[in-house]
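Results of the structural survey
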Amino acid sequence: MVHPSEDHGHAPSGLGARAGDQPHQVARGCQVLRDGGRGEALPLSRASEPSAAFAFGDWQGLTASFVRAARESPFVAAQLERSGLSAEQAVANPPAWSRLRPTRKHDLIADQDGAPPYGSRRCVPAPEISLVVESSGSTGKGREVHYLSRDDLGRSSRAWARYLEEMGIGAEDVVALTFPIGMAGGGVRHWYAYVETGAKVLRVGGLSSERKLDAIRYYGATTLVATPAYVDRLAVICAESGCPPGELGIRRLVVATQSLSAEWIEETERLWGAKLFEWYGTSAGIAAFCCRLGMAADGRRGTLHWNPAVAAQEVVDPRSGDPVADGQRGELLGTPLINEAEPLFRVSTGDEVRFVAPRSCPCGSNWPGIESGTVRRLDAMFKVKGINVWPAQVEATLLEDREVLDYRVRIYQDGGKRERVRLEVLARPGHGDELAERVSRTLQGETGISFEVVANHDRERWSQATAGEAAKASRWVDERIGT
Ligand SMILES: [Zn+2]
């Protein structure tokens, strides 16, 4: 169904509207949702310009969407009850909104268990549901089920396509999509979005690495979508076949979110002769994409933006729940504004990010965002010798060291059953013992734990040992018995 008030025709060619744009030129994305499937169009958003008081998305769109969902979704009503707020109180102003308790994974799982398979949060008749996706379930706490109506899928694909177009992707592109098209959201939603841009999508996820490369060469792929580890792996296989990756013709590498050092970005772009872009996505439909500046430009990290008419994504201090200022780190909470089937508000991502306020990115966009290359998990924690170790803390320390390109950690018990932590770092050529000693000393000071640090220089062998196609490759392995 096409909504007459949906208007993509006036969107400016750049990302979002610039400060000097006239109001009629402001990019508005998807603006209406039907009222609970009854066909009545409701205005969701008047403009995509985030207000000064609420820099994370379109406040009017958010509040209209929330008031309606609170009437229709027992799940949202329960969220209000947990928060001790009425719907009207929650949307009174941004400070009141920040008192609305986030939607957490266990809330979603309990809701599904109570009313399988879609939970009480379903706001359209089941036959209207079009796409069902699952979270990866890697935490062992159960799989979230998320779903889109046919109209949701259309809106979402157009919104994602718009993000991809900002990266320069269009009908002339051939895209090698290495993610499997499975139950997880990433592969299939990318497929829809790239197809929406008019690009040709090579669904190479199920092929061997060699056949992937054959397809890339045969069809003249311009864009490679992969995990950072798999980008490295393909480069090695390509070089082994006698062809430097730079000769493949790939102009754009689009990678899934992971913390990445500035050096990895620089070296990978040089090796492939291509520009790196990043996207952020969760199964609940929270998404952000690099702008045309990519993961790094002019020596600074890029930005993953979202369209404020499509999503309100807040970055809050995990302790106080208060919104953070431009440049500060906090937890990302996401609210998609274009979903009628499963309206969710303030979904906790468990990811710690750095907020980039509207117009802070050098691209000049008024779309808010988060810093590219520095998204970290908040909740992961290991206990070693009774001491809590947060990978995010270790990672932050390591990635500050210019000589460290990558790292991996193994927690194990030695012959005497002592707990040990072995840290291997991929170092820039020419840096070894001194680096290992420095890293070990710094980490001991930061965490109170002694790390056995080994420096490695062989980038090819490193990527063979760490490559995988999992969307979020784990750098931490815990081999202790009973953990
Ligand atoms: Zn930007």
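Summarised in this report is the structure supplied together with it. These figures come from a predicted structure and were not determined experimentally.

Quick look at the coordination of the zinc ion now. Protein-derived coordination of the zinc ion comes from Cys-291 (SG), His-305 (NE2), Cys-361 (SG) and Cys-363 (SG), at a distance range of 2.1 to 2.3 Å. Around the zinc ion sit 4 donor atoms, and with donor-metal-donor angles ranging over 102 to 113° the site reads as tetrahedral. When the donor residues of the zinc ion are listed from N- to C-terminus, their spacing reads C-x13-H-x55-C-x1-C. Remark: His-305 occurs in strand β13 (residues 303–305) and Cys-291 occurs in the loop between β10 (287–290) and β11 (296–297); sequence separation between them is 14 residues. What makes Cys-291 buried here is its relative accessible area of 1%.

Further remarks concern helix α7 (residues 185–196). Each full turn of the α-helix corresponds to 3.6 residues, which orients residues three or four apart in the same direction. Taking 1.5 Å of rise per residue, 12 residues should cover 16 Å, and α7 covers 16 Å from first to last C-alpha, within 8% of that figure. Burial in α7 covers these residues: Gly-185, Gly-187, Val-188, Arg-189, His-190, Ala-193 and Tyr-194.

Another point: empty space enclosed by the protein. What the rule picks out here adds up to 4 cavities of 30 Å³ or more. In this structure, the largest cavity occupies an estimated 100 Å³ of space. In this structure, the largest cavity is lined by 14 residues; those nearest its centre are Trp-160, Gly-285, Val-310, Pro-336 and Ile-338. The set of elements that each furnish at least two residues to the lining of the largest cavity consists of α6 (150–166) and β14 (311–316). Ranked by residues supplied to the lining of the largest cavity, first place goes to α6 with 3 residues. Split by residue class, the lining of the largest cavity holds 9 nonpolar, 4 polar and 1 charged.

Before going further, it helps to examine the packing of helix α8 (residues 209–219) against helix α9 (residues 228–240). Put simply, α8 and α9 touch, their axes get as near as 10 Å, and they point 80° apart. The pairing of α8 with α9 is recorded here as roughly perpendicular in orientation. Here Ser-209, Glu-210, Lys-212, Leu-213, Ile-216 and Arg-217 of α8 lie close against α9, whose contacting residues are Tyr-230, Leu-234, Ile-237 and Cys-238.

Here we come to the pairing of strand β7 (residues 223–226). Across the two faces of β7 the burial is the same, with Thr-223 and Val-225 and Leu-224 and Ala-226 all buried. Strand direction decides the pairing type here: strand β5 (residues 174–177) and β7, joined by 3 bridges, are parallel. Looking at the pairing, Val-175 lines up with Thr-223 of β7. When β7 meets strand β8 (residues 252–256), the two strands line up parallel, connected through 4 bridges. By the bridge assignment, Leu-224 is partnered in β8 with Leu-253. Traced from β7 through α9 to β8, the parallel crossover comes out right-handed.

A few words on the nonpolar core. Ranked by internal contacts, the top residues of the largest apolar core, which has 90 residues, are Phe-66, Trp-97, Ile-216, Leu-224, Ile-250 and Trp-272. Considering each element in turn, this core owes the most residues, 6 residues, to α9.

Attention shifts here to the environment of Ala-110. Turning to its location among the elements, Ala-110 is positioned in helix α5 (residues 105–114). When the C-alpha atoms of Ala-110 and Glu-144 are compared, they prove to be 9.7 Å apart, with 34 residues separating the residues in sequence.

Inspection of the secondary structure assignment puts Leu-271 in helix α10 (residues 262–272). In sequence terms Leu-271 and Ala-235 are 36 residues apart; their C-alpha atoms lie 8.2 Å from each other. Every residue in contact with Leu-271, bar those within four places of it in the chain, is listed here: Ala-235, Pro-245 and Gly-246.

Rules and cut-offs
Residues numbered from 1 in each chain as written. Predicted model: local features only at pLDDT ≥ 70, side-chain atom pairs only at ≥ 80, totals over all residues. Heavy atoms only, no water. Donors = N, O, S within 2.8 Å, 3.2 Å for Na, K, Ca; no water. Tetrahedral: all angles 85-135°; square planar, octahedral: opposite > 155°, others 65-115°. Helix = DSSP H or I, 4+ residues; strand = E, 2+ residues; numbered from the N terminus. Buried < 20%, exposed > 50% of the residue type's maximum accessible area, 1.4 Å probe, protein only. Expected span 1.5 Å × (residues − 1). 1 Å grid on protein atoms, 1.4 Å probe; cavity = no way out; pocket = protein on both sides within 12 Å on 5 of 7 lines; lining within 4 Å. Points joined across faces, edges and corners; volume = space filled by probe spheres on them. Nonpolar A, V, L, I, M, F, W, Y, C, P; charged D, E, K, R; others polar. Axes fitted to C-alpha atoms, helices over the stretch in contact; angles between N-to-C directions. Parallel < 35°, antiparallel > 145°, perpendicular 65-115°, else oblique. Contact = heavy atoms within 4.5 Å. Pairing = 2+ DSSP bridges. Right-handed = clockwise from strand over helix to strand, strands pointing away. Core = buried A, V, L, I, M, F, W, Y, C linked by side-chain atoms within 4.5 Å.

Functional significance is not addressed by these values, which are geometric in nature.
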